[in-house]
Amino acid sequence: MISRSGPLFGVEKGGALELPYEPWWQEGLFFSCIGCGRCCRGEPGSVWLSPGELEAIAEYFGMESEAFRKGFVVERRGRMSLRERPNWDCVMYQGESARCGIYSVRPLQCRLFPFWPSILRTRRGWVERSSECPGMDRGRFWSADEIAALLAKSPFPDL
Ligand code: SF4
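Residues numbered from 1 in each chain as written. Predicted model: local features only at pLDDT ≥ 70, side-chain atom pairs only at ≥ 80, totals over all residues.

**A few points about the overall build of the chain**
Right, on to step 1. Secondary structure summary: the chain contains six helices and nine strands in total.
Right, on to step 2. In the chain, 67% of the contacts between residues at least 6 apart in sequence involve partners at least 24 apart. (Helix = DSSP H or I, 4+ residues; strand = E, 2+ residues; numbered from the N terminus. Contact = placed C-beta atoms within 7 Å.)

Structure, rendered in structure tokens:
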């Protein structure tokens, strides 16, 4: 069972995720990624990696973990993050094809977007982010149970 606590997250007790706020998304939300790549480029940000994710991506490239870390990873706030290019694009974003270069082994943070604790905390947070992501508020319906399950997977409370 996952158990985490934090100002933006919840605590799972007896199998139910308990949040430190009233979930405004109880009626569910809509989201389908259209693959525009906007969340992968153009502005500073961190893409956090667990040691296991670093190993998986290094293996995907046929590299030793340490060589991959030196070439593509930076340390921030005691965590590992993928590097950014000088224009702030994620180092794994492929501008020519507008695609993620490691899509099949992308980090959990990318898989969970936009169901992040920081975005789901308030309706305003969701609305603000939806102005940058054309996949939000359209497409697939996500029930409150599904959203809570995704929140429970969040690797960091401040994601
Ligand atoms: S900005 Fe939204 S729609 Fe575009 S790639 Fe990112 S998640 Fe998908």
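**Quick look at the nonpolar core**
Right, on to step 1. Formed by 21 residues in total, the largest nonpolar core has its most connected members in Leu-82, Cys-90, Met-92, Trp-116 and Leu-120.
Right, on to step 2. The set of elements that each furnish at least two residues to this core consists of α1 (51-60), α4 (117-120) and α6 (144-153).
Right, on to step 3. In contact with Leu-82, not counting residues within four places along its chain, are Val-47, Leu-49, Phe-72, Val-73, Cys-90, Val-91 and Met-92. (Core = buried A, V, L, I, M, F, W, Y, C linked by C-beta atoms within 7 Å. Buried ≥ 20, exposed ≤ 12 C-beta atoms within 10 Å, placed from the backbone.)

**Topic: the packing of α1 against helix α2 (residues 65-72)**
Describing two packed helices takes the angle between their axes plus the distance from one axis to the other.
Right, on to step 1. Following both chains from N to C, one finds α1 and α2 inclined at 95 degrees, their axes separated by 9 Å at the closest point. Here α2 runs roughly perpendicular to α1, going by the angle between their axes. Note on element contacts: α2 touches α1 through Ser-65, Phe-68 and Arg-69, opposite Leu-54, Glu-55, Ile-57 and Ala-58.
Right, on to step 2. Residue composition of the contact of α1 with α2, grouped by class: four nonpolar, one polar and two charged. (Axes fitted to C-alpha atoms, helices over the stretch in contact; angles between N-to-C directions. Parallel < 35°, antiparallel > 145°, perpendicular 65-115°, else oblique. Nonpolar A, V, L, I, M, F, W, Y, C, P; charged D, E, K, R; others polar.)

**Quick word on the environment of Ser-81**
Right, on to step 1. Relative to the helices and strands, Ser-81 resides in strand β6 (residues 79-82).
Right, on to step 2. Aside from chain neighbours lying at most four places away, what touches Ser-81 is Ser-46, Val-47, Trp-48, Leu-49, Val-73, Val-74 and Arg-76.

**Some words on the site of the ligand**
Right, on to step 1. Around the ligand, the neighbouring residues are Cys-33, Ile-34, Gly-35, Cys-36, Gly-37, Arg-38, Cys-39, Phe-113, Cys-133, Pro-134 and Gly-135.
Right, on to step 2. Across the shell around the ligand, the residue classes break down as seven nonpolar, three polar and one charged. (Near = placed C-beta within 6 Å.)

**Section: the environment of Trp-142**
Right, on to step 1. By secondary structure assignment, the location of Trp-142 is in strand β9 (residues 136-142).
Right, on to step 2. The spatial distance from the C-alpha of Trp-142 to the C-alpha of Phe-31 is 7.3 Å, given a sequence separation of 111 residues.
Right, on to step 3. Apart from the residues lying within four places of it in its own chain, the contact partners of Trp-142 are Gly-28, Leu-29, Phe-31 and Ile-147.

**So, the environment of Gly-101**
Right, on to step 1. Looking at the element boundaries, Gly-101 is found in the loop between β8 (99-100) and α3 (108-112).
Right, on to step 2. For Gly-101, a count of 16 C-beta atoms within 10 Å gives the class partly exposed.
Right, on to step 3. The spacing of Gly-101 and Cys-90 is eleven residues in sequence and 9.9 Å in space, taken between C-alpha atoms.
Right, on to step 4. Excluding residues within four positions of it along the chain, Gly-101 makes contact with Met-92, Tyr-93 and Gln-94.

These figures come from the coordinates and say nothing about function on their own.
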